[in-house]
Amino acid sequence: MRRLLFLAPLAVFAALAAWLYVGLGGDPARIPSPLVGRPAPAFAVDGLATADLEGPALVNIFASWCVPCRAEHPLLTHLAEEQGVAIYGIAYKDRPEAANAFLAELGNPYRKVGYDEDGGAGVEWGVTGVPETFVLDAGGMVAFKHTGPLTPDAVRRDLLPALGR
Amino acid sequence: MTAELGHFALALALGLALLQAALPLYGASRGRPALMDLARHTALGQFVLTAIAFAALARAYVVSDFSVAAVAQNSHSLKPLLYRLTGVWGNHEGSLLLWLLILTLFGAMVAVFGGSLRKTFQARVLAVQAMIGAGFLAFTLFTSNPFQRVWPPPLDGAGLNPLLQDPGLAFHPPLLYFGYVGLSVAFSFAVAALIEGKVDRAWARWVRPWTLAAWAGLTAGIALGSWWAYYELGWGGFWFWDPVENASFMPWLAATALLHSAIAAERREALRSWTVLLAILAFSLSLLGAFLVRSGVLTSVHAFATDPERGVFILLLLGIATGGALALYAWRAPTLGKGAPFRPVSREGALLLNNLVLVTACATVLLGTLYPLFLDALDAGKVSVGPPYFTATFVPLVAPALVAMAIGPMLAWKRGDVAGALGRLWLAALGAALAAGAAFAYGETLAALGLAAAAWIGLGALVEWGERLRVGRTPAGEVWRRARSMPRAAWGGGLAHLGVAVVVAGITASQCFQSELILAMKPGDSARIAGYTIRYDGSARVEGPNYRADRATLSVLRDGAPAAVLAPERRFYPVERQHTTEAAIRTTVLADLYAVIGEEDPQAGRTVRLYHNPLVPWIWIGAIVMALGALISLSDRRLRLAVPVRRRRHPATA
Amino acid sequence: MTRPAAILALLLALLSAPAQAALDASEMLADPALEARARALAKGLRCVVCQNQSIDDSGADLARDLRRSLRARLLAGDSDEEAIGYLTERYGDYVLLEPPLKPATWALWFAPVGFAAVALALALRYFRRRE
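Quick caveat: nothing in here was measured; it's all calculated off a predicted structure.

**Observations concerning the overall build of chain C**
Broken down by element type, chain C carries 5 helices and 0 strands. Across chain C, helices and strands are ordered from the amino to the carboxyl terminus as α-α-α-α-α. Looking at the 131 residues of chain C, the share that counts as buried comes to 40%.

**Things to note about the overall build of chain A**
Within chain A, the secondary structure is distributed over 5 helices and 7 strands. Going from the N terminus to the C terminus, chain A shows its helices and strands as α-β-β-β-α-β-α-β-α-β-β-α. By the compact-globule yardstick of 15 Å for 165 residues, chain A is too spread out, its C-alpha radius of gyration being 20 Å. For chain A, the C-alpha atoms occupy an extent of roughly 75 × 30 × 30 Å along the three principal directions. Considering chain A as a whole, with its 165 residues, one finds that 45% of them fall into the buried category. The contacts in chain A between residues at least 6 apart in sequence include a share of 73% that link residues at least 24 apart.

**Considerations on the interface of chain C and chain A**
Where interface size is quoted, it is often the accessible area lost as the parts come together. Facing 17 residues of chain C, the contacting portion of chain A comprises 18 residues. For the side of chain C that touches chain A, the secondary structure elements donating two or more residues are α1 (3–16), α3 (61–75) and α4 (80–91) of chain C. When residues of the side of chain C that touches chain A are assigned to their parent elements, the largest contribution, 6 residues, is made by α1 of chain C. For the side of chain C that touches chain A, a count of residues per class yields 12 nonpolar, 2 polar and 3 charged.

**Structural notes on the packing of helix α16 (residues 426–441) of chain B against helix α17 (residues 445–469) of chain B**
Residues and elements named next belong to chain B. At a minimum axis distance of 7 Å, the contact between α16 and α17 shows a crossing angle of 155 degrees. In terms of axis orientation, α16 runs roughly antiparallel to α17. The crossing of α16 and α17 is right-handed. Within the contact between the two elements, α16 uses Leu427, Ala428, Gly431, Ala432, Ala435, Ala436, Ala439 and Phe440 and α17 uses Ala447, Ala448, Leu451, Ala452, Ala454, Ala455, Trp456, Leu459, Gly460 and Val463. Its residues assigned to classes, the contact of α16 with α17 comprises 16 nonpolar, 2 polar and no charged.

**With respect to the interface of chain C and chain B**
Between chain C and chain B, the contact holds 40 residues from the first and 46 residues from the second. Of all the secondary-structure elements, those providing two or more residues to the side of chain C that touches chain B are α1 and α5 (106–130) of chain C. Top element by residues in the side of chain C that touches chain B is α5 of chain C. It accounts for 9 residues. Along the lines of polarity and charge, the residues of the side of chain C that touches chain B split into 26 nonpolar, 8 polar and 6 charged.

**Looking at the sheet that holds strand β7 (residues 142–147) of chain A**
All names here are of chain A. Spatially, 5 strands are ordered β5-β4-β3-β6-β7 in an open sheet, and the strand pairing comes out mixed. Looking at strand neighbours, the two that pair on one side only are β5 (112–116) and β7, the edges of this open sheet. The mean inter-strand angle of the sheet, taken between neighbouring strand axes irrespective of direction, is 15 degrees. Relative to β7, strand β6 (residues 132–136) is paired through 5 bridges, and the arrangement is antiparallel. Among the inter-strand pairings, Thr133 is bridged to a residue of β7, identified as His146. With respect to the sheet, helix α5 (residues 152–163) is in contact with β6 and β7, its orientation differing from that of β7 by roughly 160 degrees.

**Describing the sheet that holds strand β1 (residues 515–521) of chain B**
Residues and elements named next belong to chain B. The 4 strands lie next to each other as β1-β10-β9-β8, forming an open sheet whose pairing is antiparallel. Sheet topology places β1 and β8 (584–587) at the edges, where each strand pairs with a single neighbour. Taking the axes of each pair of neighbouring strands and ignoring which way they run, one obtains an average angle of 15 degrees across the sheet.

**A few points about the pairing of strand β4 (residues 87–92) of chain A**
Residues and elements named next belong to chain A. Extensive coverage of β4 is indicated by the burial of 5 of its 6 residues. Pairing of strand β3 (residues 57–62) with β4 involves 5 bridges; the strand directions are parallel. Bridge assignment links Asn60 to a residue of β4, and that residue is Gly89. Relative to β5, β4 runs parallel, the two being bridged by 5 bridges. Pairing of Gly89 across the sheet is with Val113, part of β5. Taken together, β4, helix α3 (residues 96–106) and β5 constitute a β-α-β crossover, and its handedness is right-handed.

**A closer look at the packing of helix α9 (residues 201–232) of chain B against helix α10 (residues 243–268) of chain B**
Residue and element names in this part refer to chain B. One way to put it is that α9 packs onto α10 with a least axis distance of 9 Å and a crossing angle of 150 degrees. Taken together, the axes of α9 and α10 are roughly antiparallel relative to one another. In this structure, the crossing between α9 and α10 has a hand that is left-handed. Contacts between α9 and α10 involve Arg201, Ala204, Arg205, Val207, Arg208, Thr211, Leu212, Ala214, Trp215, Leu218, Thr219 and Ile222 from the first element and Ser248, Phe249, Pro251, Trp252, Ala255, Thr256, Leu258, Leu259, Ala262, Ala265 and Glu266 from the second. Classifying every residue of the contact of α9 with α10 gives 15 nonpolar, 4 polar and 4 charged.

**Focus on the pairing of β6 of chain A**
All names here are of chain A. For β6, the buried fraction is high: 5 of the 5 residues fall into the buried class. Where burial is concerned, the two faces of β6 agree: the one with Glu132, Phe134 and Leu136 and the one with Thr133 and Val135 are both buried. Here β6 folds back onto β7 in antiparallel fashion, the turn holding 5 residues, of which Gly140 has a positive phi close to 80 degrees.

**Structural notes on the environment of Glu266 of chain B**
Take Glu266 of chain B: it is sitting in helix α10. A tally of 23 C-beta atoms within 10 Å means that Glu266 of chain B is categorised as buried.

**Observations concerning the environment of Leu66 of chain C**
For Leu66 of chain C, the position within the fold is in helix α3. In this structure Leu66 of chain C comes out as buried when scored by C-beta crowding, with 26 C-beta atoms within 10 Å. When the C-alpha atoms of Leu66 of chain C and Cys47 of chain C are compared, they prove to be 8.1 Å apart, with 19 residues separating the residues in sequence. Not counting the four nearest positions on each side in its chain, Leu66 of chain C is found in contact with Val123 of chain A together with Leu45, Ile55 and Leu87 of chain C.

About the cut-offs
Residues numbered from 1 in each chain as written. Chains lettered and ligands numbered in written order. Predicted model: local features only at pLDDT ≥ 70, side-chain atom pairs only at ≥ 80, totals over all residues. Helix = DSSP H or I, 4+ residues; strand = E, 2+ residues; numbered from the N terminus. Buried ≥ 20, exposed ≤ 12 C-beta atoms within 10 Å, placed from the backbone. Rg over C-alpha atoms; globule rule 2.2 N^0.38 Å. Contact = placed C-beta atoms within 7 Å. Nonpolar A, V, L, I, M, F, W, Y, C, P; charged D, E, K, R; others polar. Axes fitted to C-alpha atoms, helices over the stretch in contact; angles between N-to-C directions. Parallel < 35°, antiparallel > 145°, perpendicular 65-115°, else oblique. Left-handed = near helix turned anticlockwise from the far one by under 90°. Pairing = 2+ DSSP bridges. Right-handed = clockwise from strand over helix to strand, strands pointing away.

Here's what the structure looks like:
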């Protein structure tokens, strides 16, 4: 018993170290969305409102001032044109002219674009930064949220299955 | 060339550290004096080589040698010389080199001042110290080489985060690292003692000065960081229970416990295995702090640029150092034997209570800091553990220790008399009641509790001195004679407790009696806060060496007469493309008047935030008093390191 | 660090850089009682892109948006609970600086009591063995 007591610090430390090791793999910036499993939130901005959304679809939050948005843009274009995925865009904290110029330059993969100049719709969607992409399933429920620029991996692993493909 | 020289010096230092980690241990077990002596020379050599490396890096910063990657990423030729120099440790690689410099400095100090130690013991301590050194040297050389070159060199550097271009933060890391790394000596002493299987009173006496020095550095470092946050972050707060802050606070709590248990171990041979465990834990928490700050598990934005590979390396270091030491502890500690028995109510009992409270509080801070990580690892959702959690748990946990702080030093060793101690503390009790009454009059229950605790602890420390000196019971001449012969440790301990009282008063008053005013002001507008009238006279553009600023002029009037001018700034650093706010603070020591400005709106005017923070300077004054107490304790004759030979000749002074 | 992660970190750094000082006078509500409630609530809400800062203290853009939403909810007549609920529905419990008591946080909230109990038990054991 006495010996065991002296072993206790080592045991506690071992458990702690193992946990820290597991924690190293995590990403502290990832914030799970409570919207997943619920209907798309109610919002209405110039050009887009909740009623316009028809699942299955993607809702992509972007901005012309956002550098990573340029990086993911070809992927969105590919999804819309080659795979026929419906994508709705919300231009977050962006002037409509700037957002339109951005789409004119890079191409417009969106079925519809909403202009959320003051970020109000962003709060409804629980946006923490751009880009973010939500997956709506056939019933219009939020099935998945991707934070940060899309990657081919993330599309294959998370987005397409969530879309039901 | 100097960068390569620095790199080479670090590699040599690693070689020496590896030698020092192995040969002296072998020498000590086989009784080979030559191998044991080697440790002292290699310890000095490691320090000199690390100092050369550090100087080489510092030179690269001072002359803006942008072919060195760390300089290019973190410095800029327009930066003032001071910040080019302190920028050396404003990033991961450079701060690691600072850590190494201090680590090898402590090793060299053990070599130079440790002449009073048993030869075998000193050799083992230095060997363990060298193992830690080798670990960090390898970490630096293999994952974070500060001398990495870039080709072609950029025309100018990327600059340093403007928040770090500040005297407070420039000197915060050296003090803090002095504390973190100083605890490595206590760790090495503990491991060496476990290897020898012997923890006696002499061991406790040896370990105390090193812990005191580290603790003083840690206390001052934490205070400086908190002061920086107070004036630089611009909303008058001073402690946010941020993971990075907690990373420095946990070793402080453990080191505070260690300081106290070492007293019991030295005087009464009590709590010895517990003291050894605390020595291991205190430095382990320093290492854990380094892991949390540098691995990126908890923080994504503010911490040093992070890299999972580095995280794995530090975790490995932590696992080897702490895991190894705790395994040794599990094996050897049961054989250390029992110390002298004592009653729960006794000086030892009070020290034990202090330890249990501090360790429980430390465990709570650890849990709160790591809990989000745990939940994330289990994929059980994401929560924030913010200041409300820590105040709700930490404050009630430490409250009993605050009450006991005044009583403990009044109790006798082995078997104490609480009633007698309380009787002698009547003055402190009276002071506490008066302070509580005054706060109640303002309708602040929490303030009443906090200020009563401050009065109780502060007056308690004074009463304890009075008792020792027999103030009021003997003639003044006798009191003076007693004061001159009172051990420095008694002065230092009392002073540290007095410092705690001052900090508690400062925290309580600034939390409970703060006034705040946020408003838009146009030139000529006035506002009233805490009896002052603040008039906004307008703002002007000013050019700094590497920033542009809007500087507002706020006239402070008291009873219509001008009392001061506050000039808060909003700065923009073009190189880093960042804004900072520079608060303007007028302090009377009893309170701070604190002003920051926001943006200017053409219609409404400029946003001005005004705070009146009563007693807030006491937080830092108290911390300085605490650190000073530790330094005075450190100078106690009993602990002085280099005088054992003389002491042996004059046993009467011991 | 993978490239997307690096970009994300950069992005977060840009978003959370204090573009302006915290709470601006122009955001404040005219009704002092309502404003006082908003301040009190804002101090307990985390700026989700910052490190351990409340939205009341933070200068990040997102913090300003959340402050504005919070005040809009209060103006619309929400109770404190409803206004907080509005934000937790969108940002999760992560937005609360004080973790709510739920099965996943039982260990967090009750462990300190457990630590104290263990400390006490160890002390008692120590003295019993010495008797």
